[in-house]
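Spelled out from the first residue to the last, the chains are:
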Amino acid sequence: MSRFRPPLWAALALVASLIVAPQAAAAAAPPTITDFESDTVPTGVYAWGNDAASTPTLTVEPDPGRPEAPATNRVLKSVYHVSQWGGWSHDLAAAQDWSPYEGFSFWVNGAGSGQKIFFEIKDGGTGAGAAELFESSFTDDAAGWRQVKVPFSSFTRRTDYQPGGAPTDGELDLVAMWGYSMRLPTAQGTLEWDQVELYGTAPPRPARLSTDQTVYPVNEKGEVKVSVTVTTATGQPLPADLAVNYKTGTGTATPGSDYTPAEGTLTFPAGTASGAARSFTIKTLKDGQDEVAETIPIELSGTGTRPPAEAPVVVINAHGLPYLNSRKPIKERVADLLQRMTLEEKIGQMTQAERNALGKQSDIAAYALGSLLSGGGSTPTPNTPEAWADMIDAFQLQAQRTRLQVPLIYGVDAVHGHNNVVGATIFPHNVGMGATRDPELVERQGKITAQEVKATGVPWDFAPCLCVSRDDRWGRAYESFGEDPALVSRMTTIIDGLQDNGVLATAKHYVGDGGTAYGSSTSGDYTIDQGVTKVSRQELEAIHLAPFAEAVKRGVATVMPSFSSVDFGDGPLKMHAHKELITDVLKGRLGFKGFVISDWQAIDQIPGDYASDVRTSINAGLDMIMVPYAYPAFESTLKAEVEAGRVPPGRVDDAVARILTQKFRLGLFEHPYADRSGIGDVGSAAHRAVARTAAAKSQVLLKNDGGLLPLRRDARVYVAGSNADDIGNQTGGWTITWQGSSGPITPGTTILSAIRSRASSVTYSRDASAGLAGHDVGVVVVGETPYAEGQGDVGRAGRTLNLSAADRAAIDKVCGAMKCVVLVVSGRPLLLGDLSGVEAVVASWLPGTEGDGVADPLFGAVPYTGRLPFTWFRSVEQLPINVGDAAYDPLWPYGWGLRTDRARDRLKAARDRLTSGDGLSKAAAAVLTVSGRAWNTDGSVRDARAVLAALGTAAALLEHSKTDTYAVDDAVVSVARDIAQSAGKRPDLQASADHELAAGNLRKAVDLLAQATR
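Criteria and cut-off values
- Residues numbered from 1 in each chain as written.
- Predicted model: local features only at pLDDT ≥ 70, side-chain atom pairs only at ≥ 80, totals over all residues.
- Heavy atoms only, no water.
- Helix = DSSP H or I, 4+ residues; strand = E, 2+ residues; numbered from the N terminus.
- Rg over C-alpha atoms; globule rule 2.2 N^0.38 Å.
- Contact = heavy atoms within 4.5 Å.
- Areas by Shrake-Rupley, 256 points an atom, 1.4 Å probe, with all protein chains shown as cover.
- Phe/Tyr/Trp six-rings, centres within 6.5 Å; stacked < 30°, edge-to-face > 60°.
- Lys NZ or Arg CZ within 6 Å of the ring centre and 35° of its normal.
- Salt bridge = Lys/Arg side-chain N within 4 Å of Asp/Glu carboxyl O.
- Buried < 20%, exposed > 50% of the residue type's maximum accessible area, 1.4 Å probe, protein only.
- Lys, Arg positive; Asp, Glu negative; His and termini not counted.
- Core = buried A, V, L, I, M, F, W, Y, C linked by side-chain atoms within 4.5 Å.
- 1 Å grid on protein atoms, 1.4 Å probe; cavity = no way out; pocket = protein on both sides within 12 Å on 5 of 7 lines; lining within 4 Å.
- Points joined across faces, edges and corners; volume = space filled by probe spheres on them.
- Nonpolar A, V, L, I, M, F, W, Y, C, P; charged D, E, K, R; others polar.
- Arc of directions from axis to C-beta.
- Pairing = 2+ DSSP bridges.
- Axes fitted to C-alpha atoms, helices over the stretch in contact; angles between N-to-C directions.
- Disulfide = S-S within 2.5 Å.
- Right-handed = clockwise from strand over helix to strand, strands pointing away.
- Polar contact = N/O pair within 3.5 Å; in protein donor to acceptor, adjacent residues only side chain to side chain.
- Parallel < 35°, antiparallel > 145°, perpendicular 65-115°, else oblique.
- Left-handed = near helix turned anticlockwise from the far one by under 90°.

S.K.: Please clarify how the overall build of the protein should be interpreted in this entry.
M.R.: Of regular secondary structure, the protein possesses 24 helices and 39 strands. The C-alpha radius of gyration of the protein comes to 31 Å, within 12% of the 31 Å expected for a compact globule of 1014 residues. Dimensions of the protein along its principal axes, counting C-alpha atoms only, are 100 × 80 × 60 Å. Relative to all contacts within the protein whose residues are 6 or more apart in sequence, the contacts with residues 24 or more apart total 77%. Looking at the protein as shown, the accessible area adds up to about 35700 Å², and 50% of this sits on carbon and sulfur atoms.

S.K.: When you look at the packing of aromatic side chains in this model, what are you seeing that I'm missing?
M.R.: The description of two aromatic rings rests on the distance between their centres and on the angle between their planes. Across all of its chains, the model carries 30 aromatic pairs by this definition. Ring centres of W872 and W892 lie 5.9 Å apart, and the angle between their planes is 80°; this geometry places the pair in the edge-to-face category. Pair noted here: W872 is in the loop between α18 (852-858) and α19 (903-914) and W892 is in the loop between α18 and α19, with a separation of 20 residues, a long-range link. Counting every residue linked through ring pairs, the aromatic cluster contains F36, W88, W98, F104, F106, F119, F138, F152, F155, Y180 and W193. The ring of W107 has R66 lying over it, and the distance from NZ or CZ to the ring centre is 5.3 Å. The side chain of K149 reaches across the aromatic face of Y199, ending 4.3 Å from its centre.

S.K.: Just to check I follow, could you spell out the pattern of salt bridges for this structure?
M.R.: Should the charged atoms of two oppositely charged side chains come close, the side chains can pair. Applying the stated criterion to the full structure yields 59 salt bridges. Across the salt bridge formed by D160 and R158, the nearest N and O atoms sit 2.7 Å from each other. The two residues D160 and R158 agree in class, both being buried. Taking the shortest distance from any N to any O, the salt bridge between R476 and E789 comes out at 3.4 Å. Pair noted here: R476 is in the loop between β26 (460-461) and α7 (485-490) and E789 is in the loop between β37 (777-783) and α17 (805-817), with a separation of 313 residues, a long-range link. Of the two residues, R476 and E789, neither departs from the other in class, the shared state being buried. Through salt bridges with shared partners, a single ionic network connects E120, E135, R158, D160 and R183.

S.K.: Honestly, the side chain of K663 in this entry has me stumped. Any pointers?
M.R.: One can find K663 in helix α13 (residues 649-666). One buried charged side chain, K663, makes no salt bridge at all; its nearest oppositely charged neighbour is E635, positioned 11 Å away. For K663, the residues in contact, after removing those within four places along its chain, are Q349, G370, V406, P407, L408, I409, L668 and F669.

S.K.: I'm lost on the nonpolar core in this one. Help?
M.R.: Soluble, globular proteins show a tendency: their nonpolar side chains are buried together. If you look at the biggest cluster of nonpolar residues, it comprises 194 residues, and the most contacted ones within it are Y510, L709, V779 and L858. For this core, the element with the highest residue contribution is helix α4 (residues 385-399), accounting for 7 residues. Residues in contact with L709, not counting those within four places in the same chain, are L701, N704, V821, A840, V842, L858, Y864 and T900.

S.K.: Got a minute to help me understand helix α11 (residues 610-620) in this structure?
M.R.: Along an α-helix, residues three or four positions apart point the same way, because every turn accommodates 3.6 residues. Turning to α11, its buried residues number three or more, namely S612, D613, V614, S617, I618 and A620. In this structure, the buried side of α11 is in contact with α10 (579-589), β33 (625-626), α12 (631-643) and α13. In the stretch just after α11, G621 is the one whose phi turns positive, near 125°.

S.K.: Looking at this structure, how should I read empty space enclosed by the protein?
M.R.: The gaps left among the atoms become clear once a water-sized probe is rolled over them. On inspection of all chains with the given rule, the structure shows 3 cavities of 30 Å³ or more. Taken as a whole, the largest cavity holds about 100 Å³ of empty space. Lining the largest cavity are M341, E345, Q349, I364, A368, L369, A399, T402, R403, L404 and V406. Taken together, the residues that form the lining of the largest cavity break down as 7 nonpolar, 2 polar and 2 charged. There is about 60 Å³ of room inside the second largest cavity. A class-by-class count of the residues in the lining of the second largest cavity yields 2 nonpolar, 5 polar and 4 charged.

S.K.: Please explain the layout of surface pockets as it appears in this structure.
M.R.: Approximately 1100 Å³ is the volume found for the second largest pocket. Lining the second largest pocket are 40 residues, with T168, D169, E310, K360 and Q361 sitting closest to its centre. Elements supplying a minimum of two residues to the lining of the second largest pocket: β11 (156-157), β14 (207-211), α4 and α12. Top contributing element to the lining of the second largest pocket by residue count: α4, with 6 residues. Here the residues of the lining of the second largest pocket are counted per class, giving 18 nonpolar, 12 polar and 10 charged.

S.K.: For this particular structure, what's the right way to read helix α16 (residues 751-758)?
M.R.: Turning to α16, its buried residues are I751, L752, A754, I755 and R758. Axial view of α16: buried residues confined to an arc of 160°, hence all on one face.

S.K.: Please clarify how the sheet that holds strand β6 (residues 86-96) should be interpreted in this entry.
M.R.: Sheet strands pair by backbone hydrogen bonding; their relative direction is either parallel or antiparallel. The 6 strands lie next to each other as β3-β6-β12-β8-β9-β11, forming an open sheet whose pairing is antiparallel. In this open sheet, the two edge strands, each paired with only one partner strand, are β3 (45-49) and β11.

S.K.: Sorry if this is basic, but what is going on with the sheet that holds strand β36 (residues 761-764) here?
M.R.: Ordered in space as β34-β39-β38-β37-β35-β36, the 6 strands form an open sheet in which the pairing is mixed. The strands lining the two open edges of the sheet, one partner per strand, are β34 (700-704) and β36. Recorded for the sheet is a direction-independent mean angle of 20° between the axes of neighbouring strands. Packed onto the sheet, α16 meets β35 (716-720), β36, β37 and β38 (820-825) and runs at close to 155° relative to β36. Across the sheet, α17 lies against β35, β37 and β38, angled at about 170° from β37, the strand it touches most.

S.K.: Just to check I follow, could you spell out the state of the cysteines for this structure?
M.R.: A covalent bond bridging the sulfur atoms of two cysteines is what the word disulfide describes. Per the stated rule, a full pass over the model turns up 1 disulfide. At a sulfur-sulfur separation of 1.9 Å, the disulfide partner of C815 is C820. Handedness here is read from the sign of the S-S torsion; for C815 and C820, about 100°, the answer is right-handed. With a relative accessible area of 13%, C815 lands in the buried category. Taking relative accessible area as the criterion, C820 reaches 0% and is therefore assigned buried.

S.K.: I tried to follow the pairing of β37 on my own but got confused; where do I start?
M.R.: For a regular strand, side chains alternate in direction, first toward one face of the sheet and then toward the other. Of all 7 residues that make up β37, 7 are buried, and the element is covered over most of its length. By the alternation rule, side chains of β37 split into V777, V779, V781 and G783 and G778, V780 and V782, which are all buried. Note that β35 and β37 share 4 bridges and pair parallel. Directly across from A720, in β37, lies its bridge partner V780. Across 6 bridges, the pairing between β37 and β38 is parallel. Following the sheet pairing, V782 is matched in β38 by V824. The β-α-β motif built from β37, the intervening α17 and the parallel element β38 has right-handed crossover chirality.

S.K.: Quick question: what am I supposed to make of the side chain of T849 here?
M.R.: Its location among the elements puts T849 in the loop between β39 (840-843) and α18. Within the local environment of T849, its side chain forms a polar contact with the side chain of R688, the two groups lying 3.4 Å apart. Excluding its chain neighbours within four sequence positions, the residues that come into contact with T849 are I426, R688, I727, Q730, T731, T746, P747, G748 and T749.

S.K.: Teacher, can you tell me more about the packing of helix α22 (residues 966-983) against helix α24 (residues 1002-1011) here?
M.R.: Between two packed helices, what matters for the description is the angle formed by their axes and the separation of those axes. For the pair α22 and α24, interaxial distance at closest approach is 9 Å and the crossing angle is 10°. By the criterion of interaxial angle, the relationship of α22 to α24 is roughly parallel. Pair α22 / α24 crosses with left-handed handedness. Of α24, the residues touching α22 (which contributes D969, V973, A976, R977 and A980) are L1002, A1005, V1006 and L1009.

What follows is the structure in structure tokens.
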């Protein structure tokens, strides 16, 4: 999914602003935030945009023309041409307290364009990038300088975008302000800015009232204890006595028959500490009826007080209704609940909002929202497993105030572990898991991810990505298990790992996102992501649809369409509008019974106005829309489309029934809150051990001249390169934040640290500037820095598949001075340049947090067994290049991977496992008892003809065995691959053999490898 684009046109909040004419300066100068009286753009001031062209140019220029300005006055000049969104910000190095002041002010030199221009201030959080945004606006309706002054009371919380990790209390606290931003219009022009400052004196701030909960669910004939806390604005004790009046208000519950009305006063004497609490009790009654939930609002008031941000409410739980009976079949429960729902409630179930989009938490109930999500980097503060569970439980509590108490389903992109959470176990990205060729290990990854996700209250994972990536220039290549649909289909075992452990899986991105043509994207400055896949129906079926068909067979609960388009020859059609592929193929022919969830704001990319986007996507077969910000607009629009007859009511009922079915299957109605019993296992040593194994098995040994690897533990090792000691680089994108970032972003073991734990002597120099003499071997760890989605597209912002100049220089220095191995930490094959002076090369992919897994095969603790999930190109001119191409001359073919274990031992282990199987497996075991004369003393093959003959016969038997495993089949074929790789011929046949193995055609795989030796 794409995350966190602040679209200028989507700002929906009602704002109050004051445009005032120039006036004389006040007697006392107000506090100035930025005055631009410098020669260059001040520190912390920067421009941004959806692409380079939309990023304004900022300069500081002289301009004494502003009223009351000195002759030497300087201003900030912004020249812009914004296509989607762009503007500039000033991020403060340290938080400032703006609470003593009345409002925010700045001067602007307008052009009379008539454009509405939004601006925002950054409140609270851990920094400018994680602050809650509150906005206002002005209209550029007159040329010349004017001063804009806006009282803080007129700012409203921004509803179309909030950054990941920002506070969500919806309160402009002002005590920790991190700066401001100016969001420029989608137009071309020039604006000048000056004298950003605060003004006035804030009126006395009342004491804030809050309750220990905002929602108090209770059964009939029960009681609720409501605790009321008083917090002063300054944090000091109360200066005088404070009386807080409480009473039960008018809700849907009936006083006297459903509950006993309550009214009274809580007294807080002068000197009471800020944060002190008092409580009162409300009792419910039993009326003997089966009914939906009923509400009892609580009203709090008092002179000198400010009411709670969220009005508290007691909810008498729904009871006695058939859909609440867990003993009834799910189909009956769904039917009963569906017939009780209003159209508004049904549409709410079809709506998914981003957690940061909520104007206030009670919007969950007000809009009957069925789902929330955390986009990449949208995290609570602090970002801990406990805080995640607390946050999601609070959201679920809000859903309990609804009439039918339908629980939320919360989703996250846990694409390589619970990757949004600091301290969670981070596995290799899918590209590395594809390199393992181990479906059982991938299933274990899914299980551990499910356990960590579920422990934090999340029952839904937007994974796995089942794209078949056909072009290494794609910024999402690492999200793919590989270029071969047979391999990707094998790895759908992750679905079992997730769903067998209580978390819904999502097969994405349906369908063809890995086949988009380079240069076809129309999204910003992307070059390939979200582009067009031009393909025949037959090719789409064979390459891109096959893994989804396997996912449906495994019972995947949800499917997410792609941002991309499919062109069958009659023009491109956005997948979110593709009724043929979603309704007819996925739900019809493939028999998908789950629900279809849109990608991030993806329906907005369908041509037409918003109403057209909504009806087209729903009628195409989408069941839930990831809005993610404009949930009020989506709900009102869909309602209008249904009422106008443009979206059939039956389509809505089908969508809601599919969603409710999954909620019932998860047991959310009985257990909506986080099961915290496993919260201590998030990032545990046991889970990290599996991730370490995955990292080790993902390592692909591409070159090993002279048998340099594995290294001796007593070797004196020189380590260099940009990715040797960087946990952020080795985990890649989709780690803690959407794009990921370099540096120590989460606990883990870097590759350098792992090497130090293995080798007796290690010298580290990132740029290879330290002395090179006196070392036995060099290890140079190079590759990419993190990115996600189209931001990693080759050609975007100058991105290439080349190593950086610094990495290339490190290789040249180290490998020119000693024997060396190059580890390539990347999400895809890279152009490595001249490797003639490099003895060994390893594709380490993006191994995750467990760098020990990289060091394990490097030093021989485990053998190298991984194989390329992508063809490694010789030159970028070959791209796209894939297994099965008519012209195929790679540097290393798909499926290539040298091994450091003994072929004879490998075959013996396979034979031993087969002896306990059925008759065909036993017969294969007998065939594999190859004469000792066929082997060299080191366990490698001496008599290739005899060994290949035995392997071919055994493979033919195993194709029909019912007891063999893919792991055993893979081991048998691997011996034939050793022989073919040693021969160094016919890379096309070697690649095709690996495809046939994944497809289950063992004899054909062996035959192809045998041909490759001739």
